[in-house]
Structure formats: C-alpha cells, structure tokens
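Results of the structural survey
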Amino acid sequence: MKKTYYLFICLLLIPVFTFAQSIGTGLGTHTIVAKADGTVYTWGNNNYGQLGNGNTGTNSNEPVAVTASGALIGKTITAVAAG
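Residue positions are given per chain, counted from 1 along the sequence in the order it is written. Under the rules for a predicted model, residues below a pLDDT of 70 receive no local features and side-chain atom pairs below 80 are neither given nor counted, while totals for whole chains, interfaces and linings still include all residues. Heavy atoms from the whole structure form the basis of all side-chain values; hydrogens and water molecules are not counted.

1. Comments concerning the overall build of the protein
A count of helical and extended segments in the protein gives one helix and four strands. We count a stretch as a helix when DSSP gives it H or I for four or more residues in a row; a strand needs E for two or more, and each element gets its number in order from the N terminus. Ordered by position from N to C terminus, the α and β elements of the protein give α-β-β-β-β. Only protein chains enter the accessibility calculation, which uses a 1.4 Å probe; a residue is then buried when its area is under 20% of its type maximum, exposed when over 50%, and partly exposed in between. Across the 83 residues that make up the protein, the buried fraction comes to 25%. We call two residues in contact whenever any of their non-hydrogen atoms come within 4.5 Å of each other. Long-range contacts, defined as pairs at least 24 residues apart, comprise 32% of the intrachain contacts of the protein with a sequence gap of at least 6.

Quick look at the structure:
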C-alpha cells in the first residue's frame, strides 16, 4: 500500500519538477519550487501562510500556485528557499 501511495505522489509531482529551477523545504512540513518560467508552487502545511496562496490553515497535499501579487508584482523568481 505504501509503495502505491508514494508512486502516486511522484507521478502527481512530475509536471512540477520537470521544469524546476530551484527547490526548498521548510522544516520538512512544506515544499516550494520555482520553475524556469518564473512561476512558484508550494505544498504542505499552511498554518502561517507558508504556501503563499492568500490563506492560512488550509494545508495542501498537491502543488498550489503562489499568488504573484504585492511584493511579487513584476518580479521574476529565479530561486527559492524555505525555513
């Protein structure tokens, strides 16, 4: 059962990792990926807004796009880090 679950997760994330330019993890509870086209995706815990999608408290097991507003308007993301 575990092998099937992990295979499913890997297949789910292949489109995100295919063009990953930079990957970071935050204490093992959330992950962030910057793609070569400048888009950023996150998944994991979101207790304090770690996912950057405009809400808190809603965790995600699937990659969600980071909201490119506020300080990110007009910026091209080339690298990410999480802590």
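2. Quick look at the pairing of strand 2 (residues 30-35)
Counting buried positions along strand 2 yields six of six residues, so the element is predominantly enclosed. Judged by which residues are buried, strand 2 turns out to be covered on both faces: His-30, Ile-32 and Ala-34 on one side and Thr-31, Val-33 and Lys-35 on the other are all buried. In the sheet, strand 2 pairs with strand 3 (residues 40-44) via five bridges, with the strands oriented antiparallel. Within the sheet, the bridge partner assigned to Val-33 lies in strand 3 and is Tyr-41. Pairing between two strands requires that DSSP report at least two bridges joining them. A loop of four residues connects strand 2 with strand 3, the two strands running antiparallel in sequence, and Gly-38 in this loop sits at a positive phi of about 95 degrees.

3. Brief notes about the environment of Thr-31
When you line up the elements, Thr-31 lands in strand 2. The exposure class of Thr-31 is buried, given its relative accessible area of 15%. The spacing of Thr-31 and Asn-45 is 14 residues in sequence and 8.8 Å in space, taken between C-alpha atoms.

4. Some thoughts on the environment of Ser-69
Residue position: Ser-69 is located in the segment after strand 4 (60-65). Taking relative accessible area as the criterion, Ser-69 reaches 40% and is therefore assigned partly exposed. Along the backbone, Ser-69 and Gly-52 are 17 residues apart, and their C-alpha atoms lie at a distance of 9.9 Å.

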